[in-house]
Amino acid sequence: MKEMKKIIQFEKENMPEYQYRFLYKRVLPGFFFVLGGAIFVLAWGIIWDYCTDFKIIPFIPLVIWAITTFVLLVLYVIYGKKYTHRLICEKALEFEEKYNVVDIQEAVCFLEQQGSIVENCIAADGNKISLDDCFTIFHCKTISGVYFFAFGFYSKHNGEQLEVLTADKYLCSYFKASKSPVVNRGLFELFLSDKTKFMKLLLQYNDEVKMEKHI
């Protein structure tokens, strides 16, 4: 119960208000109504069938429940599409500003000062490892209203994860201009060039492998 409360609080803090309200003020109550209504209708039918031979009455609650459920489903689809479209537009605009491509020299200078990428090498466990010896993968994920974008670096020798760097405009700019390959470059390029389409795929699949297949 405590874990559930933590999740709800986390989503309340990170989701847009309209998304949170839709999930917890409409979808969740609706789910309990449909589930509770189904149990009630089933129990009512069994009791009535046991107590009397009149077979029409049990169908009245069933019809009411079915009609109400259908109306709720239609409303959820309508409002779900409306809020999803709003979320896509807002996040696309937010990410367009946050991950805008900067001049490559500015990106290189910032990353070297930060010590994350220096002379085409990453620092992993105190060692400098050339990007030419790594598989670089662009990772993206959304959980409970939080969005994660990062670059993962994996050894070409054994596939071991060497380092993960949280994506920012400097890393994005570096890998856009760099000759160092990004394994899922198609998805990465989509992230840079069309945030709206990228967000649609992210919300639909939430998996970079599946997303890249549907570009």
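Residues numbered from 1 in each chain as written. Predicted model: local features only at pLDDT ≥ 70, side-chain atom pairs only at ≥ 80, totals over all residues. Heavy atoms only, no water.

Averaged over all residues, the pLDDT of the protein is 88; the fraction at 70 or higher stands at 93%. Mean pLDDT across the elements of the protein bottoms out in helix H2 (residues 17–51) (79) and peaks in helix H7 (residues 195–205) (96). (pLDDT = per-residue confidence, 0-100. Helix = DSSP H or I, 4+ residues; strand = E, 2+ residues; numbered from the N terminus.)

Attention shifts here to helix H3 (residues 59–98). With 40 residues, H3 extends 56 Å between its outermost C-alpha atoms, agreeing within 8% with the 58 Å of an ideal straight helix rising 1.5 Å per residue. Listed as buried for H3 are Pro-61, Thr-69, Leu-72, Gly-80, Tyr-83, Leu-87, Ile-88, Lys-91, Ala-92 and Phe-95. (Expected span 1.5 Å × (residues − 1). Buried < 20%, exposed > 50% of the residue type's maximum accessible area, 1.4 Å probe, protein only.)

This part takes up the sheet that holds strand E4 (residues 134–143). Spatially, E4-E5-E6 is the arrangement adopted by the 3 strands of the open sheet, whose pairing is antiparallel. On the outer flanks of this sheet lie E4 and strand E6 (161–166), each paired with one strand and no other. With direction set aside, neighbouring strand axes in the sheet form an average angle of 25°. Sheet topology note: the strand E5 (residues 146–155)/E6 ladder contains 5 bridges and is antiparallel. By the bridge assignment, Gly-152 is partnered in E6 with Val-164. Seen against the sheet, helix H5 (residues 169–177) touches E4, E5 and E6 and runs at an angle of roughly 45° to E5. (Pairing = 2+ DSSP bridges. Axes fitted to C-alpha atoms, helices over the stretch in contact; angles between N-to-C directions. Contact = heavy atoms within 4.5 Å.)

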